[in-house]
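These are the residues of each chain, in order.
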Amino acid sequence: MKALKARVRGGRLVLDEPTNLPEGAEVRLAPIDADDLDDAERARLHAEILAAEAELDAGQAVGEDELWARLKALR
């Protein structure tokens, strides 16, 4: 299942789209803007993400499907 998006309205979380979760299902929620990174750490993280994307675009890394296939083959 993909991630769900919600907003706070009147102190309650309200989903932005319908879900097919069963009644009473429990989910974990975390604010998307809450982390323990300072500005320098966040800048390094973003630089690493950009570098990884460049490696992927240059064919120097494997995509998600290939990664999962390799992990499954290790079983």
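All values derive from a computational prediction rather than experimental measurement.

*Asks:* Would you mind showing me how to read the environment of K5 here?
*Replies:* Relative to the elements of secondary structure, K5 occurs in the segment before β1 (6-9). C-alpha of K5 to C-alpha of P18: the two residues are 13 residues apart in sequence and 10.0 Å apart in space. Discounting residues that sit within four places of it in the chain, K5 has contacts with V14, L15, D16 and E17.

*Asks:* I would appreciate a short explanation of a nonpolar patch on the surface in the present structure.
*Replies:* On the surface, L4, V8, L13, L15, L21, V27 and L29 cluster together into a nonpolar patch covering about 620 Å² of accessible area. Mapped onto the elements, V27 comes out in the loop between β2 (12-15) and α1 (39-57).

*Asks:* I keep staring at the pattern of salt bridges and nothing clicks. Help me out?
*Replies:* Close approach of charged atoms allows side chains with opposite charge to pair. Summed over the entire model, instances satisfying the criterion amount to three salt bridges. Here R7 ties to D16 by a salt bridge, and the two come within 3.4 Å at their closest N and O atoms. Judged by its relative accessible area of 42%, R7 is partly exposed. For R42, the salt bridge identified is with D39, shortest N-O distance 3.7 Å. Placement of both R42 and D39 in helix α1 is noted, with a separation of three residues, approximately one turn of the helix.

*Asks:* Help me understand the pairing of β1, please; the structure alone is not making it clear to me.
*Replies:* Successive side chains on a regular strand alternate, one facing one side of the sheet and the next facing the other. Pairing of β1 with β2, which is carried by four bridges, proceeds in the antiparallel orientation. Directly across from R7, in β2, lies its bridge partner V14. Hairpin geometry of β1 and β2 is characterised by an intervening segment of two residues between the two adjacent antiparallel strands and by a positive phi of about 60 degrees at G10.

*Asks:* Honestly, α1 in this entry has me stumped. Any pointers?
*Replies:* Because each turn of an α-helix spans 3.6 residues, side chains separated by three or four positions in sequence point in the same direction. Here α1 contains 19 residues, and its C-alpha end-to-end distance of 27 Å stays within 8% of the 27 Å for a straight helix at 1.5 Å per residue. The N-capping residue of α1, defined by a side-chain oxygen 3.1 Å from the backbone nitrogen of A40, is D38. Phi for G59, located one or two positions after α1, is positive at around 75 degrees.

Quick notes on the rules
Residues numbered from 1 in each chain as written. Predicted model: local features only at pLDDT ≥ 70, side-chain atom pairs only at ≥ 80, totals over all residues. Heavy atoms only, no water. Helix = DSSP H or I, 4+ residues; strand = E, 2+ residues; numbered from the N terminus. Contact = heavy atoms within 4.5 Å. Patch = residues over 30% accessible without salt bridge, like charges linked within 9 Å, V, L, I, M, F, W, Y side chains within 5 Å. Areas by Shrake-Rupley, 256 points an atom, 1.4 Å probe, with all protein chains shown as cover. Salt bridge = Lys/Arg side-chain N within 4 Å of Asp/Glu carboxyl O. Buried < 20%, exposed > 50% of the residue type's maximum accessible area, 1.4 Å probe, protein only. Pairing = 2+ DSSP bridges. Expected span 1.5 Å × (residues − 1). Polar contact = N/O pair within 3.5 Å; in protein donor to acceptor, adjacent residues only side chain to side chain.

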